[in-house]
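# Fold and geometry: a report
Chain by chain, the residues:
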Amino acid sequence: MTAGLPVSAAYDMILAPRLILLLIFVVFALCVLAVHLRGRSRLRFDRQLVDHSAIFAPYNLLMYTFSAVPARPILDRRGFPQLDLLQANWQVIREEAMHLFDEGFIRAAEKHNDASFNSFFKQGWKRFYLKWYGEPLASAEALCPETVKLLNAIPSVKAAMFALLPPGSRLNPHRDPFAGSLRYHLGLITPNSEDCRIFVDGEIHAWGDGKDVVFDETYVHWAENRTDQTRVILFADVERPLRTRLMTALNRRVGAFMGKITASPNTESPEEKTGFVNRMFALNQRSRERSRAFKKRHPKAFRVLKYIGIVLMIWLVFLAPYPFFR
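Keep in mind that this is a model prediction, so the values were computed, not measured. (Residues numbered from 1 in each chain as written. Predicted model: local features only at pLDDT ≥ 70, side-chain atom pairs only at ≥ 80, totals over all residues. Heavy atoms only, no water.)

### Here's the deal with the pairing of strand β7 (residues 203–206)
For clarity, the threshold we go by: Only when DSSP finds a minimum of two bridges between them are two strands counted as paired. Each helix is a run of DSSP H or I of at least 4 residues and each strand a run of E of at least 2, with the numbering of both proceeding from the N terminus.
For strand β6 (residues 196–200) and β7, the ladder comprises four bridges, and the chain directions are antiparallel. Looking at the pairing, arginine 197 lines up with alanine 206 of β7. The hairpin formed by β6 and β7 contains two residues between the paired strands, and aspartate 201 there has a positive phi angle of roughly 50°.

### Description of the sheet that holds strand β3 (residues 157–165)
On the basis of which strands lie adjacent, the open sheet formed by six strands has the order β1-β8-β5-β10-β3-β2 and antiparallel pairing. Each of the sheet's edge strands pairs with one partner strand only, and the pair in question is β1 (74–75) and β2 (126–132). Of the strand pairs in this sheet, β2 and β3 are connected by six bridges, and their pairing is antiparallel. Paired with tryptophan 132 across the two strands is alanine 159, which belongs to β3.

### As for helix α9 (residues 245–261)
Defined as follows: Every helix has an expected span of 1.5 Å times one less than the residues it contains. Burial here depends on accessible area, computed with a 1.4 Å probe over protein chains only, as a share of the maximum for the residue type. Under 20% is buried, over 50% is exposed, and the range in between is partly exposed. Note that the arc is computed from the directions linking the helix axis to the C-beta atoms.
The first and last C-alpha atoms of α9 sit 25 Å apart over 17 residues, in line with the 24 Å expected at 1.5 Å per residue. Residues Met247, Thr248, Asn251, Val254, Gly255, Met258, Gly259 and Ile261 constitute the buried set of α9. In a view along the axis of α9, the buried residues occupy a sector of 160°, so they form one face of it. Among the exposed residues of α9, those oriented more than 90 degrees off its buried face are Arg245, Leu246, Arg253, Phe257 and Lys260.

### Details of the packing of helix α3 (residues 57–66) against α9
Filter applied, for reference: Interaxial angle, 0 to 180 degrees, is taken between N-to-C directions of lines fitted to C-alpha atoms, where a helix line uses only the stretch in contact. Each crossing gets its handedness from the near helix: less than a right angle anticlockwise from the far helix is left-handed, clockwise is right-handed. We call two residues in contact whenever any of their non-hydrogen atoms come within 4.5 Å of each other. Any residue that is not Ala, Val, Leu, Ile, Met, Phe, Trp, Tyr, Cys, Pro, Asp, Glu, Lys or Arg is counted as polar, Gly included; the first ten are nonpolar and the last four charged.
Interaxial distance between α3 and α9 falls to 11 Å at its minimum, and their mutual angle equals 145°. Crossing hand, α3 versus α9: left-handed. Here Tyr59, Leu62, Met63 and Phe66 of α3 lie close against α9, whose contacting residues are Met247, Leu250, Asn251 and Val254. When grouped by side-chain class, the residues that make up the contact of α3 with α9 number seven nonpolar, one polar and no charged.

### Description of the sheet that holds β7
Strand pairing in a sheet relies on backbone hydrogen bonds, with the paired strands running either antiparallel or parallel. If you trace the four strands from one edge of the open sheet to the other, you get β4-β9-β6-β7, paired in antiparallel fashion. The sheet terminates laterally at β4 (169–174) and β7, the two strands that pair on one side only. Recorded for the sheet is a direction-independent mean angle of 15° between the axes of neighbouring strands. Pairing of β6 with strand β9 (residues 221–225) involves five bridges; the strand directions are antiparallel. When the bridges of β9 are listed, isoleucine 198 appears paired with alanine 223.

So far we have only geometry, and geometry alone does not tell us how the molecule works.
Written out as structure tokens, the structure is:
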């Protein structure tokens with residue numbers, strides 16, 4: 001007996017939450033599998049399970065179910081007439097992008113405060129945020145006012161940046177995590193070559209000056225610039241058209257929340273906030289750097305502490321939850 005309960009009843013109380021957690025995990029894994037099987041190009045499933053895109057798998061399936069656009073990697077650009085304004089003014093946008101490029105404003109995050117694109121920075125990819133699921137950034141309003149005005153005239157454009165891909169670089173296959181938006185690329189400064197291109201589920205789009213495209217970034221995609229020239233594009237998130245007002249309202253709420261917690265600044269100005277996710281990511285990166293430094297200086301002590309941590313984790317997971325039975 002334990003606390004007046006039969007042993008079998010006590011076990012039932014302990015196992016019931018675990019069965020619920022197991023059921024949740026199985027449903028989650030099935031959602032990830034459904035997303036994994038979508039399209040022809042896929043990540044390895046073991047990688048997909050731990051990829052950041054897996055977190056949103058249940059939500060993304062909801063977005064796919066109510067999507068008002070076809071389930072295709074590259075979409076018909078004519079289905080998004082609101083973007084004609086950007087394409088028609090691509091040279092105006094290009095001029096401001098060239099100024100930022102020349103002055104070095106298009107750059108990588110300097111303090112590990114942009115988790116969304118951290119892996120891209122290692123390949124030389126750089127960015128300058130114009131807006132991010134909210135008001136335009138103060139630095140963008142000051143440095144590229146005409147582009148900001150154009151973006152503000154299109155409410156369905158939720159986020160935008162200038163994105164740079166250097167010569168000889170490649171971005172590995174990946175899925176973006178959030179199906180509440182679609183991706184828009186407008187070529188500004190490009191090699192105008194078939195060797196500077198993006199693959200979306202195996203379909204190819206080569207960037208060109210003034211050339212644009214809309215695609216579903218939750219399909220596996222990758223990019224390469226096999227030329228000796230830098231590529232700069234306008235890179236934007238456009239709200240996914242949905243079939244019901246309820247789903248549209250839900251998606252806007254979720255998008256606004258995600259935008260708030262993943263915001264990343266262009267400058268150190270207090271006007272440009274860093275979202276919670278990026279603050280935690282930066283903290284983790286600093287912790288990892290300190291850990292690597294400690295390991296280098298004290299390798300034996302590091303191994304001892306690591307094994308103590310493993311034993312403690314095993315005890316917490318497998319032994320601590322169970323009471324002692326008499």
